[in-house]
Amino acid sequence: MRNYAIAGSLLAALLGVSNVEAQGVPAAARPGAAAAPAAPAPAAAPDVTSDVTSRDAPKAHNPVLEAFAPVAGGLTADEVARRAVATSETIEVKNAELRAAAARVDSAMYQFYPRVSVKAAYSRLSPVSITLGGGGNVVGARAAGPLGTNATGGVVDSQQNQVSAVTVPPTAFASAQNSYSLSASLTVPLSDYVLRLSSSMNAIKRNREATELNVQAERQKVEGDARIAFFNWSRSIGQVAITEKSLERVQARLRDAQAAFTVGAVTKAELLRLESLVAGTEATLETARAFRELAAHQLSIIMDSPEQDFALGEDVLAERAARPLEPLSGLVAEAQQRRVELRSMDKMVESMRSGEKVIRAGQLPRIDAFAQYDYANPNQRYLFLREWRDTWMAGVQATWTLNDILINGSSAAELTAQRQGLEAQRKAAAEGIRMEVSTAYTDSRKATAELGAAKRAAEASQAAYDTSVQLYRVGKATTSELIDAEAELVNANLKLVSAHIDTRVAETKLAKATGRELHGQTKVAQQ
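Residues numbered from 1 in each chain as written. Predicted model: local features only at pLDDT ≥ 70, side-chain atom pairs only at ≥ 80, totals over all residues. Heavy atoms only, no water.

1. Focus on the side chain of Arg419
Within the element layout of this structure, Arg419 appears in helix H12 (residues 402–473). Not counting residues within four places of it along the chain, the set of residues in contact with Arg419 comprises Val349, Met352, Arg353 and Glu356. (Helix = DSSP H or I, 4+ residues; strand = E, 2+ residues; numbered from the N terminus. Contact = heavy atoms within 4.5 Å.)

2. Considerations on the sheet that holds strand E10 (residues 389–399)
The strands making up a sheet associate through backbone hydrogen bonding, with each pair oriented either parallel or antiparallel. Read from one edge to the other, the open sheet built from four strands follows the order E1-E8-E9-E10, with strand pairing classed as antiparallel. On the outer flanks of this sheet lie strand E1 (115–124) and E10, each paired with one strand and no other. If you compare each strand with its neighbour and ignore which way they point, the axes differ by 15° on average. Summarising the sheet, strand E8 (residues 178–188) and strand E9 (residues 366–377) pair through nine bridges and their orientation is antiparallel. Considered in E9, the bridge of Ala184 is made with Tyr373. (Pairing = 2+ DSSP bridges. Axes fitted to C-alpha atoms, helices over the stretch in contact; angles between N-to-C directions.)

3. Observations concerning the confidence of the model for the protein
Summarising the model, the protein shows a mean pLDDT of 80, and 83% of its residues fall at 70 or more. Low confidence marks residues 1–59, where pLDDT is under 50. Its contacts with residues over four positions away, or in another chain, come to 131 contacts. Segment residues 521–527 is flagged for pLDDT under 50; beyond a separation of four residues in sequence, or across chains, it makes 31 contacts in the model. (pLDDT = per-residue confidence, 0-100.)

4. Comments concerning the packing of helix H8 (residues 197–262) against helix H9 (residues 268–303)
Angle between the axes and distance between the axes: these two values describe a pair of packed helices. Where H8 contacts H9, the two axes come as close as 8 Å, and the packing angle between them is 160°. Between H8 and H9, the interaxial angle falls into the category roughly antiparallel. In this structure, H8 meets H9 at a crossing whose hand is left-handed. Of the residues assigned to the contact of H8 with H9, the class counts are 21 nonpolar, 10 polar and seven charged. (Parallel < 35°, antiparallel > 145°, perpendicular 65-115°, else oblique. Left-handed = near helix turned anticlockwise from the far one by under 90°. Nonpolar A, V, L, I, M, F, W, Y, C, P; charged D, E, K, R; others polar.)

5. Let's talk about the pattern of salt bridges
Within the structure shown, the criterion is met by 29 salt bridges. Glu387 is the salt-bridge partner of Arg389, the closest N and O atoms lying 2.5 Å from each other. Relative accessible area serves as the criterion here: at 34%, Glu387 is assigned to the partly exposed category. Here the residues in one salt-bridge network are Asp192, Arg196, Arg366 and Asp368, joined through shared partners. (Salt bridge = Lys/Arg side-chain N within 4 Å of Asp/Glu carboxyl O. Buried < 20%, exposed > 50% of the residue type's maximum accessible area, 1.4 Å probe, protein only.)

6. Describing the nonpolar core
Core analysis: the largest hydrophobic core is formed by 31 residues, its most contacted members being Phe68, Leu75, Phe230, Trp233 and Leu299. Sorting the residues of this core by element identifies helix H4 (63–67), helix H5 (77–87), H8, H9 and helix H13 (479–514) as the ones contributing at least two each. Here this core takes nine residues from H8, the largest share from any one element. When neighbours within four sequence positions are excluded, Phe230 is seen to be in contact with Leu75, Thr76, Ala77, Val80, Leu299, Leu312, Glu314 and Val316. In this structure, Leu331, Val332, Val437 and Tyr441 belong to the second largest nonpolar core, which totals 12 residues. (Core = buried A, V, L, I, M, F, W, Y, C linked by side-chain atoms within 4.5 Å.)

Below, the structure is given as structure tokens:
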């Protein structure tokens, strides 16, 4: 009887879950707690003395449910996901790649603009000597006609006039040593407009679309990972709460055992076993606290915020609106259609196909229209003039570099091989997504089943606990039996908490696997 009196003074610190009768409110008033059927009033026990039949079981509280009570302004899954997306470095990398892709689109368009160039030049030329012949004599006659000779042997013209000779010096021209020129040219790639423009622009635009999808895929990944990190942190809160309460229970049982050992009610071996249990529970508590700190640290990194004691702002134990779990085949088909990773690969394949056409077009002759205007001093088309003169020319030219046939052929073959490799990767990714959906589907069914089982276990534990309380009041249950019943109920509620969180994690993974939006997802449950 003395042991019962000691237990009555300690149970207020030992019990961790409120019972229906003690608190006066139904257990279902808190999410995750199941109402237990009212226990029948126990029959009177004639063999129990009057000093124990009047005992009342102490009132208690539920530490797990209290730990999960939402706090105004605390963290929610949506808030963590939003802040993670806003501060993610990987998303910023993808955004930078998107900006680069947009710039490539502009660059590709500019390459097909007519090429205009302007040139201004000054040249200093070395001096040169230009002549039209050097030295000699020129014979002059007064009358036209053939020349002849007179009686004395002199040369005369047709009128018998004496012919004379004059010495002529060499004719020389001075060369210009300073040359100035202003010129402008225009080249229009006619063949590129026909053979390359459409394919090139299609390739660049599909590449940009693929990059946009990559940004979207990375955003969904970051958001999903952030939500899972939030739920894991929520789970750690419950682990710490239940372990702390478990430590209180085993410490109380150790104190009872120590008191009983002094009067010879328990053996030394039993006392040592309890001391070992306390030490093991203390180590478990430190592990649970370390996991909670690690989970909180992960949240601070994900949200790029200073470390702090985060408060839970979402009731993770609230019942979610259930909807039927869709068939696996339908979920797989939805994932194949919605997953942006596959759509991005499809865009890249299209881009490579267009790129192959652009490269192979380089094996054909190139046709360009051109025009040029020159304003120079001296202008080469105006001989012997040292002054500013303008000239122009226009035409069409065809160029065919035979080496380009081999070079562009090899480049096209390389791009074809890369495209075929990407198509194979796309098939492998589709199979991986199919497996991911199947795994998420199985986890969702498992989480739903475990939640139902946890609810039933919580109801059974609540009923067992209420029965133990009634038996304790009339002296038909020991302190150890009551504590065991309380421990079973707390553990059942912890499993129920974990089951609720597991359903949240499972629905997040299933939404990620199928490519659905993660915000505002409802619980996926079986009918």
